[in-house]
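What follows is each chain in one-letter form.
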Amino acid sequence: MSASILTVDDSASIRLTTRVALSNAGYQITEAVDGMDGIAKLNAGQFDLIVTDLNMPNMDGLTMIRELRKMPAHMGVPVIFLTTESDNEMKQQAKAAGATGWLTKPFDPESLVKIVRKVLGK
Amino acid sequence: MSFPDPIAVFRTEAAELLEQIEAGLLDLNVNLGDKDQIDAVFRGLHTLKGSGAMFGFEALAAFTHHCETAFDRVRKGEVPATQALVTAVLEAKDHMRALVETPAGDHEATSEALLANLRAAVDGAKSPGVHQAADVPAQTLFKIRFSLPQNAMANGTNPLPLLDELRELGECTIVADRSAIPSLDLLSPTDLHISWNVELLTSQPRSAIEDVFIFVMDDMQLEITAVQAATAAAKSPERQETPIQAAEPVAAEPVAVSAPRVPAPVTAAPAPTDAKASKASENVRVPAEKLDELMDRVGELVIAQSRLSQLAGGSGDLQLRAVSEDVERLSGELRDTMMVLRMVPVTQLFGRFRRLVHDLSHETGKVIELVTEGESTEVDKSVIERLADPLVHLVRNSCDHGLETPDERRAAGKPPAGRIMLSARQQAGEVIITIKDDGRGINRERVRAKAEASGLVQPNATLSDQELYQLIFQPGFSTAQQVTNLSGRGVGMDVVKRTIDALRGTINVISHPGEGSEISLAIPLTLAIIDGLLVRVGAGRYVIPLSAVEECLELSIEEDMRSRGRSFISLRDSLVPFLRLRDLFRTGTKPDPFQKVVVISTGSERVGLVVDQIIGDHQTVIKAMSKLHHDVATFSGATILGDGDVALILDVGHLVAEGQQQEAHLRAAG
């Protein structure tokens, strides 16, 4: 079975691009529109990887990661941040919260797929 | 698997974001300290920038970046939110829309002007001297040398963004060290052989540079050496003060200029449905034309179903009848669900008026408060689209002609701020949208004089208020003595009337001199399928929209004879004019012995229609009439009956007007 990825972004167009890139690469994609929705999706299923935006309404990406690291089922899920921020303080916070990787928007869909492959070890 | 066009998705998203940003800015304008709105505006700008850059809208991304930066500073408390800033970003927002719509256009000059405006607003907002220190920081020259593992690129690391990030930190000289590149026969194209030497002059600490490499640090080699602390003197207070003072007069000026314009506060009640509105964007998005297509199919189904019902009704087959009843119930439910799908709340429609009123209050120098009510009222999507223009016109009219200037208002003993109330509510099968202002009201004498001058009314004719007010919707009618930018060109009100007519709606005007006026638009909830009353006149069958039907009466032969010559029936002590559809349609056949009167109304006016037979109610799928029949006023459309025949749909508004006219004629004749 192909790996299952949760993508979290409040921008529909970014979600679409991510979905196109990753599902063409053969991954199963589930989408969430913000951190809150992301947690809800996490509660409902298992994922091999999470690709998330940072700055979102309702719950931001950092908070979501911190929450998810508290959930026994998802403690070890790798997380890639896909975000406009290139603020280093943010990166440090993200790394501290348990992020595995970082890709700055605008991104090249191919490089996203590469990073995902790398993280998933395929 | 097929995906929608991401650019199209981005455009839709951008339109939504811009709307969100605008709503946030307008709320901020009322309450400058609203932290949630500041965050929301920042987030909107942030997402717009990010997605814009993603899909090649570079000019948009670059431009939005500046607004985002300004709001980031507001968010972090470095700069207070001011009305000048909000106004500057509002103007910038319009420009962003242009950048989304025509990314290839020549926008540079406008961008520059708006950004200068924004900078002035930000600088003007800065409290002098407080946060300036950050602007003239000490700079350090770092020498950085780094190399990535040979397999870095194969593993998805791209060194170029790292270099870009270094460039963002300060002045940067980057030299690639290509010495490690092997000869061609040994070169593997996926390996990375280059390392980099970078000289970076930055005010950031060393840790900032380390952070650039945070995700690749584990496998790479990185040396950072601080060469010199370049401008330590910058910390001395003397150096700090000079640039501030130089900046200040420049910054203060534009604020002073715009200050008298700004205080016109547009207080708009924050939409209570905000949360709901933003929730709505989580829904599945379907192109409107697909909905229309589906609606057409449902329409066809309803027609086929009524044919089935007719067949089943005519046969003695009980099983067939049972199935037919099921199909009838299901298609009715399907129709209702379909209707709901097409319904959208008027929030969006009302939302744009906050901006309009904000702009108008600037343009006219009037202080205008916009209050909206019933934003969650839902109306068919296509109705909303077509209502936008007429409403804009009516609101402009209220701002321009209705409301007085603050001085005039004070003199009249009213509060200086004029008030426009925009409300929506559902009533039976109609949505009523009301635009109400507390201005000077419609000047009856002036309307009258103008109407007489342009030959619309005879000088001695008696007109009711309602009739008089309806004159303002005549083509070429305008009482404005001075044509302004906004209205008064005499085009518009007739267009409003035409649009509302086309929507099968009615306009009602109430006005009290000195107290204000109120214009109500009553629009049927949907355009595609209506409940109709099927009647027969002579050999032809016709549909009367059920929403307009008040009651049905029998017209006995005696009463028919008695009423010959005059066309009134007495209905519970009031006289109602009636039209003999047999005469109107020149049927030529013998009338049924017991004719019926269907009383229809458009709110305040009533008229009876004499028909031969009332067949019953009928789910009417409205089909537009061909261009050839465009001018036929008596009918608003056609429908296909169960047996495949075509029935025409009577235009209620027109018939009522005709009935009333006939009444007026007879009265005038004595």
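Each value, and the rule that gives it
Residues numbered from 1 in each chain as written. Chains lettered and ligands numbered in written order. Predicted model: local features only at pLDDT ≥ 70, side-chain atom pairs only at ≥ 80, totals over all residues. Helix = DSSP H or I, 4+ residues; strand = E, 2+ residues; numbered from the N terminus. Buried ≥ 20, exposed ≤ 12 C-beta atoms within 10 Å, placed from the backbone. Contact = placed C-beta atoms within 7 Å. Core = buried A, V, L, I, M, F, W, Y, C linked by C-beta atoms within 7 Å. Nonpolar A, V, L, I, M, F, W, Y, C, P; charged D, E, K, R; others polar. pLDDT = per-residue confidence, 0-100. Arc of directions from axis to C-beta. Pairing = 2+ DSSP bridges. Axes fitted to C-alpha atoms, helices over the stretch in contact; angles between N-to-C directions. Parallel < 35°, antiparallel > 145°, perpendicular 65-115°, else oblique. Left-handed = near helix turned anticlockwise from the far one by under 90°.

1. Considerations on the overall build of chain A
Here is step 1: The number of helices and strands found in chain A is five helices and five strands.
Here is step 2: Along chain A, helices (α) and strands (β) appear in the sequence β-α-β-α-β-α-β-α-β-α when read from the amino end.
Here is step 3: Buried residues in chain A amount to 48% of all 122 residues.
Here is step 4: For chain A, the share of sequence-separated contacts (at least 6 apart) that also reach a separation of at least 24 residues comes to 62%.

2. With respect to the nonpolar core
Here is step 1: By size, the foremost hydrophobic cluster in this structure holds 46 residues, and its most contacted members are Val-41, Leu-60, Ala-70, Phe-71, Leu-85, Val-89 and Leu-118 of chain B.
Here is step 2: Only helix 1 (12-24) of chain A together with helix 1 (6-30), helix 2 (35-54), helix 3 (58-75), helix 4 (83-101) and helix 5 (108-125) of chain B provide two or more residues apiece to this core.
Here is step 3: The residues touching Phe-71 of chain B, leaving out its near neighbours within four places in the chain, are Ile-38, Val-41, Phe-42 and Leu-45 of chain B.
Here is step 4: If you look at the next biggest cluster of nonpolar residues, it comprises 40 residues, including Leu-422, Ile-432, Ile-442 and Leu-521 of chain B.

3. What about the interface of chain A and chain B?
Here is step 1: Listed per partner, the contact involves 28 residues of chain A and 28 residues of chain B.
Here is step 2: Going through the elements one at a time, helix 1, helix 4 (88-97), strand 5 (101-104) and helix 5 (109-120) of chain A are the ones with two or more residues in the side of chain A that touches chain B.
Here is step 3: If one sorts the elements of the side of chain A that touches chain B by residue count, helix 1 of chain A sits on top with seven residues.
Here is step 4: Considered class by class, the residues forming the side of chain A that touches chain B number nine nonpolar, 12 polar and seven charged.

4. As for the environment of Lys-590 of chain B
Here is step 1: The topology assignment puts Lys-590 of chain B in the loop between helix 19 (581-584) and strand 17 (595-602).
Here is step 2: Each C-alpha atom, one on Lys-590 of chain B and one on Gly-538 of chain B, is 7.5 Å from the other, the two residues being 52 residues apart in sequence.

5. A look at the confidence of the model for chain A
Here is step 1: Averaged over every residue, the pLDDT of chain A is 85; the share at 70 or more is 97%.
Here is step 2: Ranking the elements of chain A by mean pLDDT puts helix 4 of chain A last, at 75, and strand 1 (residues 4-8) of chain A first, at 93.

6. Some points on helix 3 (residues 61-69) of chain A
Three or four residues apart is the spacing at which side chains of an α-helix point the same way, because the helix has 3.6 residues per turn.
Residues and elements named next belong to chain A.
Here is step 1: The complete set of buried residues in helix 3 reads Gly-61, Leu-62, Met-64, Ile-65 and Leu-68. In an axial view of helix 3, the angular spread of the buried residues amounts to 160°, which keeps them on one side of the axis.
Here is step 2: In the core, the buried residues of helix 3 are packed alongside strand 1, helix 2 (35-44), strand 3 (49-52), strand 4 (79-83) and helix 4.

7. Focus: the sheet that holds strand 1 of chain A
Residues and elements named next belong to chain A.
Here is step 1: As summarised here, the arrangement of the five strands in space is 2-1-3-4-5, forming an open sheet in which the pairing is parallel. One side of each edge strand has no neighbouring strand; the edge strands of this open sheet are strand 2 (28-32) and strand 5. On average, each strand axis in the sheet is inclined to that of its neighbour by 20°, with strand direction left out of account.
Here is step 2: The strands touched by helix 1 within the sheet are strand 1, strand 2 and strand 3, with strand 2 carrying the most contacts at an inclination of about 170°.

8. Focus on the packing of helix 1 of chain B against helix 2 of chain B
Residues and elements named next belong to chain B.
Here is step 1: Where helix 1 contacts helix 2, the axes come no closer than 9 Å and their chain directions differ by 155°. Judged on the interaxial angle alone, helix 2 and helix 1 are roughly antiparallel. When the axes of helix 1 and helix 2 are compared, the crossing they make is left-handed. Contacts between helix 1 and helix 2 involve Phe-10, Glu-13, Ala-14, Leu-17, Gln-20, Ile-21, Gly-24, Leu-25, Asp-27 and Leu-28 from the former and Gln-37, Ile-38, Ala-40, Val-41, Gly-44, Leu-45, Thr-47, Leu-48 and Ser-51 from the latter.
Here is step 2: Tallied by class, the residues present in the contact of helix 1 with helix 2 amount to 11 nonpolar, six polar and two charged.

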